[in-house]
Amino acid sequence: MVWTKSPIRPTNPMVLNFVLFFYYLFEGIVLFFIPDSFREKKDVTGKNVLITGGGSGIGQLMALKLAKLGARVIVWDINEDGLEMTKQLFTANKMEQQLHCYQIDIGKRETIYQLAELVRKQVGPIDILINNAGIVTGRALLETPDECIEQSLRINTLSHFYMVKAFLPEMIKRSSGHIVTIASIAGNLSGCNLADYHASKFANVGFDLALRMELAQIQLDSKIKTTIVKPFFINTGMFAGARSRMLPFLEPDHVAERIVDGIRSEQSEIILPWFFWFFFAILVTVPSKCLIPLADAFGVFTMMTQFRGRRNISTNMKTSNNNNNGKLNNE
Ligand code: NAD
């Protein structure tokens, strides 16, 4: 889609900016104490929701939940078996008409732009974009092959730039839309054997914030919403073998439910569990040396020593890169 630059809105008077600062602060404090179930939620019936990585884990669960709420779901995934599984789940729930599956390697920029164009023609404009697909290498920095570092950043981070560039112009034109970034607790805190993963997730957090600023540059209370999601470990298999001394892994269904609720109530940030907010606050206030004994106490240094993860991801990638790049799965 050809993009013509939006005009920048004039700066507000200083007093108004201060009033707004305290208003939003008060609103944030009040909303913090209001449970999701009491918040007003937007209707997603008939909306087009695109989810990357919807062939597995929380992406698949979110797809199903959003379809149950009446949304039309477009799933992009590299894994053919995962897409097949998503189709079977939708068929079992008699919702196959609401699903459009596409096989794609989102690590490839041109493929993203081409498929975005095709989806626009075949399904229509996207109302909600959920950048969810992700991978993890799980090795110490010096043992991580360069290709794995580059692949992590391409899939977990760079793809978000291209996805947003592909779909945001139409959202701005329609003055409506929602961009969801699935980051992680690992986007604020850091552990061992995860340098590429942490770098990619910290980048997600920065990207979401920068995007929010650019949307506010056009319109103060932008009609295009953004949500950043920061969950702790989830029991999907992505972090199989990792150990947590702090807390049990989260259940995928609970995480997917909370994200869908958060999107519908247009929350700008979802932290799961919520009390990690306090860890984030400590992190920015104490000297960085203090973090070492804290990390030791919470088992951060041994957390990834038994990590297995999804060993088959690289195999899937090879299959897709060689044979099925950008192939459509259900057309
Ligand atoms: P998952 O492995 O179950 O799902 C990830 C999906 O992304 C898979 O279907 C995979 O095929 C797809 N994918 C991978 N590479 C791709 C590529 N190149 N192109 C297209 N699709 C590709 O993982 P999950 O646990 O559901 O994680 C989903 C998101 O949540 C990820 O961004 C992850 O970083 C984040 N997250 C996960 C955890 C956790 O503990 N599992 C914790 C915090 C955040």
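Described in the following lines is the structure provided in the data block. Every value quoted in this text rests on a predicted model; they were computed, and no experiment measured them. (Residues numbered from 1 in each chain as written. Predicted model: local features only at pLDDT ≥ 70, side-chain atom pairs only at ≥ 80, totals over all residues. Heavy atoms only, no water.)

1. Topic: the site of the ligand
Taken together, 29 residues surround the ligand, and among them S56, D77, Y197, I234 and T236 come closest. Interatomic distance of 2.9 Å between a side-chain N/O atom of K201 and an oxygen atom of the ligand. Contact distances for the ligand include 2.5 Å between an oxygen atom and a side-chain N or O atom of T236. About the coverage of the ligand: the protein hides 99% of its 830 Å² of free accessible area. Elements supplying a minimum of two residues to the shell around the ligand: α2 (57–68) and α6 (195–218). Each residue belonging to the shell around the ligand can be placed in one class, and the counts come to 16 nonpolar, nine polar and four charged. (Near = heavy atom within 4 Å. Polar contact = N/O pair within 3.5 Å; in protein donor to acceptor, adjacent residues only side chain to side chain. Areas by Shrake-Rupley, 256 points an atom, 1.4 Å probe, with all protein chains shown as cover. Helix = DSSP H or I, 4+ residues; strand = E, 2+ residues; numbered from the N terminus. Nonpolar A, V, L, I, M, F, W, Y, C, P; charged D, E, K, R; others polar.)

2. Quick word on the nonpolar core
Core analysis: the biggest nonpolar cluster contains 49 residues, and M62, L66, I130 and F239 have the highest contact counts within it. Among the elements that make up this core, the one with the highest residue count is α2 (six residues). (Core = buried A, V, L, I, M, F, W, Y, C linked by side-chain atoms within 4.5 Å. Buried < 20%, exposed > 50% of the residue type's maximum accessible area, 1.4 Å probe, protein only.)

3. What about the sheet that holds strand β5 (residues 177–182)?
Spatially, seven strands are ordered β3-β2-β1-β4-β5-β6-β7 in an open sheet, and the strand pairing comes out parallel. Taken across any chain shown, the strands that pair with only one partner, and hence form the sheet edges, are β3 (99–103) and β7 (269–272). Averaged over all adjacent pairs, the angle separating strand axes in this sheet is 15°, with direction ignored. Here strand β4 (residues 128–131) runs beside β5; their pairing, made up of four bridges, is parallel. Paired with I128 across the bridge in β5 is H178. Across the sheet, helix α4 (residues 109–122) is in contact with β2 (72–77) and β3; its angle to β2 comes to roughly 160°. Sheet strands touched by helix α7 (residues 252–264): β4, β5, β6 (224–231) and β7. Its angle to β7, the strand with the most contacts, is close to 160°. (Pairing = 2+ DSSP bridges. Axes fitted to C-alpha atoms, helices over the stretch in contact; angles between N-to-C directions. Contact = heavy atoms within 4.5 Å.)

Worth remembering: the numbers are spatial, not functional.
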